[in-house]
Amino acid sequence: MLYGIAAATTALLLAAVLSALIRPAALRLRLVDRRRVRPVPALGGLAVVGATCLVAGVGDWSGVAPLGTGVGELLVAGGAVALLGVVADVWRLKTRFLLFGTAVAAACVVPYEEFGVGGGVLAVGWIAFVAVAFKGLDHADGLAGTVGVVTAFGVGACATVEVMDGLAVLLSVLAAALTGFLMHNWHPARIALGATGSLFAGFVLAAAALFTRTGHDPVAGAGVLFALTAVASADVVVVLLSRLLAGRPVLRRGPDHLAHRLRRLGLSSPGATIVLGAGSFAGVLVAVLAQGGWIASATVAWVVGVTLTAVLVLLRIPVYGSRPPETVQVSGHLRVRNG
């Protein structure tokens, strides 16, 4: 218990300090997120990855908090995915390369003896899908970090229910590191996760969630996994459908994510993040209750239904015209910039 508190506190402070140190270097190297209206360094994920791997690794190496079978390999594979993210942040790799590289890493950690070959292939695809989905959430200030923290706590709770102590420790450390990073990423963001941090967080969360469902009914498991990642999954579905219906290239960037649409409805950037964070919390809560057997597994269907309804409603919001007004901070004052 005491080690868990100390580890989480250390990860939080370490991620906060590293984020502050990485920011000026990334600005000098001009490694910024080009999707934003102001230059935001895109290597903040290094702070999250470094804090998570260092704290969890020291706990495992010292024997104070051993990660257990498979969890150490998951952390190593997550580190490999983070390295792929660094390459993407520096050289702007296309999404299909990120999907392929993440899928290769996922193939190294999926427990095929539990899922079989067919189930293992589906699991690999799902992990890669969620990892790239989290990368998509990083377009808005604080969004990927907020959803990541909520999801990490939820998956950690599922791991605790299954008595997977090592996995629960890793997820608590990841949640703390993301919280420390959020100190610099909340609106107006001074640094972004970039592909490095968003792919790492999405990969670790998706694979860890999959581990907690081993030995359970696969249909019910699919529902729980969806509930744990409902916001990230819904964001991808909205983007894909929107671009297909508009006849736009699927991999072409655009202002068509969930947060963009909520801002079109009049929400501020922090407001959109809070709404989506609350939606993520609702899905995670249902998933945890279903995992623990406190509610019927069929209840997860409500999360699927509400999510699909939200997707259909938000798809009706036009997003490919002029940009909505953008609130920016200049010299301590808020100004509205029109698209």
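These lines cover the structure that appears in this document, whether it is placed above or below. (Residues numbered from 1 in each chain as written. Predicted model: local features only at pLDDT ≥ 70, side-chain atom pairs only at ≥ 80, totals over all residues. Heavy atoms only, no water.)

**Considerations on the overall build of the chain**
Spelled out, the test is: Here a helix means four or more residues in a row that DSSP labels H or I, a strand means two or more in a row labelled E, and each is numbered from the N terminus. Computation of the radius of gyration draws on C-alpha atoms, with the globule rule given as 2.2 Å multiplied by the number of residues to the power 0.38. The contact criterion used throughout is that any non-hydrogen atoms of two residues lie within 4.5 Å. A 1.4 Å probe and the Shrake-Rupley method give the accessible areas. Residues count as covered only by the protein chains that appear here.
When helices and strands are counted, the chain shows 13 helices and four strands. Since a compact globule built from 339 residues should have a radius of gyration of about 20 Å, the 19 Å found for the chain is in line with a globular shape. When the backbone C-alpha atoms are referred to their principal axes, the chain occupies close to 55 × 45 × 35 Å. Considering only intrachain contacts with a sequence separation of at least 6, the fraction spanning at least 24 residues in the chain is 73%. Put simply, the chain shows about 15100 Å² of open surface, and 69% of that area lies on carbon and sulfur atoms.

**Re the pattern of salt bridges**
What counts here: We define a salt bridge as a contact between a side-chain nitrogen of Lys or Arg and a carboxyl oxygen of Asp or Glu at a distance within 4 Å.
Overall, the coordinates contain one salt bridge when judged by the stated rule. The salt bridge partner of Asp-256 is Arg-243, with a shortest N-O separation of 2.7 Å. Taken as a pair, Asp-256 in the loop between α10 (230-246) and α11 (258-264) and Arg-243 in helix α10 lie far apart in primary sequence, 13 residues in all.

**Considerations on the side chain of Thr-307**
As a reminder, the rule being used: Polar contact criterion, stated in full: a pair of N or O atoms within 3.5 Å, where within protein one must be able to donate a hydrogen and the other to accept it, and residues adjacent in sequence count only if both atoms are side-chain atoms.
Checked against the element boundaries, Thr-307 lands in helix α13 (residues 300-315). Among the polar contacts listed, one links the side chain of Thr-307 to the backbone oxygen of Val-303, at a separation of 2.7 Å. Sequence-distant contacts of Thr-307, that is, excluding residues within four places in its chain, are made with Phe-226, Ala-230 and Ala-234.

**What to know about a nonpolar patch on the surface**
Note the following rule: What makes a patch is a set of residues exposed beyond 30% relative accessible area and free of salt bridges, joined within 9 Å when like-charged and within 5 Å when nonpolar (Val, Leu, Ile, Met, Phe, Trp, Tyr).
Together, Val-87, Val-90, Trp-91, Leu-93 and Phe-97 give the surface a local cluster of nonpolar side chains, amounting to about 460 Å² of exposed area. With three residues, the single largest contributor to the nonpolar patch is helix α3 (residues 71-91). Turning to its location among the elements, Val-90 is positioned in helix α3.

**With respect to the nonpolar core**
The following threshold applies: Take the buried residues of types Ala, Val, Leu, Ile, Met, Phe, Trp, Tyr and Cys, join any two whose side-chain atoms come within 4.5 Å, and each joined set is a nonpolar core. Each residue gets one of three labels from its accessible area relative to the maximum for its type: buried under 20%, exposed over 50%, partly exposed in between, using a 1.4 Å probe on protein chains only.
Membership of the largest hydrophobic core comes to 99 residues, with the highest contact counts inside it found for Leu-74, Ile-127, Leu-167, Leu-170, Phe-203 and Leu-228. Those residues in contact with Leu-74 that lie beyond four places of it in its chain are Val-109, Leu-167, Leu-170, Phe-203, Val-204, Ala-207, Ala-208 and Phe-211.

**Section: helix α9 (residues 218-228)**
For α9, the full list of buried residues reads Ala-220, Gly-221, Gly-223, Val-224, Leu-225, Ala-227 and Leu-228. In this structure, the buried residues of α9 make contact with α5 (112-137), α6 (143-161), α8 (194-212), α10, α12 (269-291) and α13. Regarding α9, its N-cap is Asp-217, as a side-chain oxygen of that residue lies 3.3 Å from the backbone nitrogen of Val-219 further along.

**A look at the packing of α3 against α8**
Our working rule: Axis lines are fitted through C-alpha atoms, for helices just across the contact stretch, and the angle between N-to-C directions can take any value from 0 to 180 degrees. Put simply, angles under 35 degrees are roughly parallel, angles over 145 are roughly antiparallel, angles from 65 to 115 are roughly perpendicular, and the rest are oblique. By convention, the crossing between two helices is left-handed when the near helix turns anticlockwise from the far helix through less than a right angle, and right-handed when the turn is clockwise. All residues other than Ala, Val, Leu, Ile, Met, Phe, Trp, Tyr, Cys, Pro, Asp, Glu, Lys and Arg, Gly among them, are scored as polar; the first ten of these are nonpolar and the last four charged.
Two elements in contact, α3 and α8, have axes separated by 7 Å at closest approach and are oriented at 155°. One element, α3, and the other, α8, form an angle in the roughly antiparallel class. α8 is crossed by α3, and the crossing has right-handed handedness. Across from Leu-74, Leu-75, Ala-77, Gly-78, Gly-79, Val-81, Ala-82, Gly-85, Val-86, Ala-88 and Asp-89 in α3, the residues of α8 making contact are Gly-194, Ala-195, Thr-196, Leu-199, Phe-200, Phe-203, Val-204, Ala-207, Ala-208 and Phe-211. Its residues assigned to classes, the contact of α3 with α8 comprises 15 nonpolar, five polar and one charged.

**What about helix α2 (residues 45-62)?**
Using the following cut-off: Expected span, for any helix, means 1.5 Å times one less than how many residues it has.
Compared with an ideal rise of 1.5 Å per residue, which puts 18 residues at 26 Å, α2 spans 25 Å between its outermost C-alpha atoms and is within 8% of the ideal. Contact partners of the buried residues in α2: α1 (2-28), α3, α7 (165-185) and α8. A positive phi of about 85° marks Gly-63, the residue just after α2.

**A word on unusual backbone geometry**
Note: most residues except glycine have negative phi, and most peptide bonds are trans. The residue after His-187, namely Pro-188, is reached through a cis peptide bond having omega -10°. Checked against the element boundaries, Pro-188 lands in the loop between α7 and α8. Its identity as a non-glycine residue notwithstanding, Arg-30 has a phi of 60°, on the positive side. By the element assignment, Arg-30 lies in the loop between α1 and β1 (32-33). According to the relative accessible area criterion, Arg-30 is exposed, its value standing at 70%. Its identity is not glycine, yet Val-163 carries a phi of approximately 60°, on the positive side. The topology assignment puts Val-163 in the loop between α6 and α7.

**Let's talk about the environment of Val-32**
The residue Val-32 is located in strand β1 in this model. Along the sequence, Val-32 and Asp-235 sit 203 residues apart, while their C-alpha atoms lie 23 Å from each other.

**As for the side chain of Asp-33**
With respect to the helices and strands, the residue Asp-33 is situated in strand β1. We classify Asp-33 as buried; its relative accessible area is 8%.

**Overview of the state of the cysteines**
Working definition: the covalent bond between the sulfur atoms of two cysteines is a disulfide. Defined as follows: In this description, a disulfide is simply a cysteine sulfur pair whose atoms lie within 2.5 Å.
Throughout the structure, instances matching the rule amount to zero disulfides. Free of any disulfide, Cys-53 has its nearest cysteine sulfur in Cys-108, 16 Å distant. Assessed through its relative accessible area of 24%, Cys-53 is described here as partly exposed.

**Overview of the packing of α2 against α3**
The packing of two helices is summarised by the inter-axis angle and the distance between the axes. Where α2 meets α3, the closest approach of the two axes is 11 Å, and the angle between their N-to-C directions is 160°. Of the possible angle classes, the one that applies to α2 and α3 is roughly antiparallel. Where α2 crosses over α3, the handedness of that crossing is left-handed. Each of Leu-46, Val-49, Thr-52, Cys-53, Ala-56 and Gly-57 in α2 lies in contact with α3, whose residues at this interface are Leu-75, Ala-82 and Val-86. Of the residues belonging to the contact of α2 with α3, the class tally is seven nonpolar, two polar and no charged.

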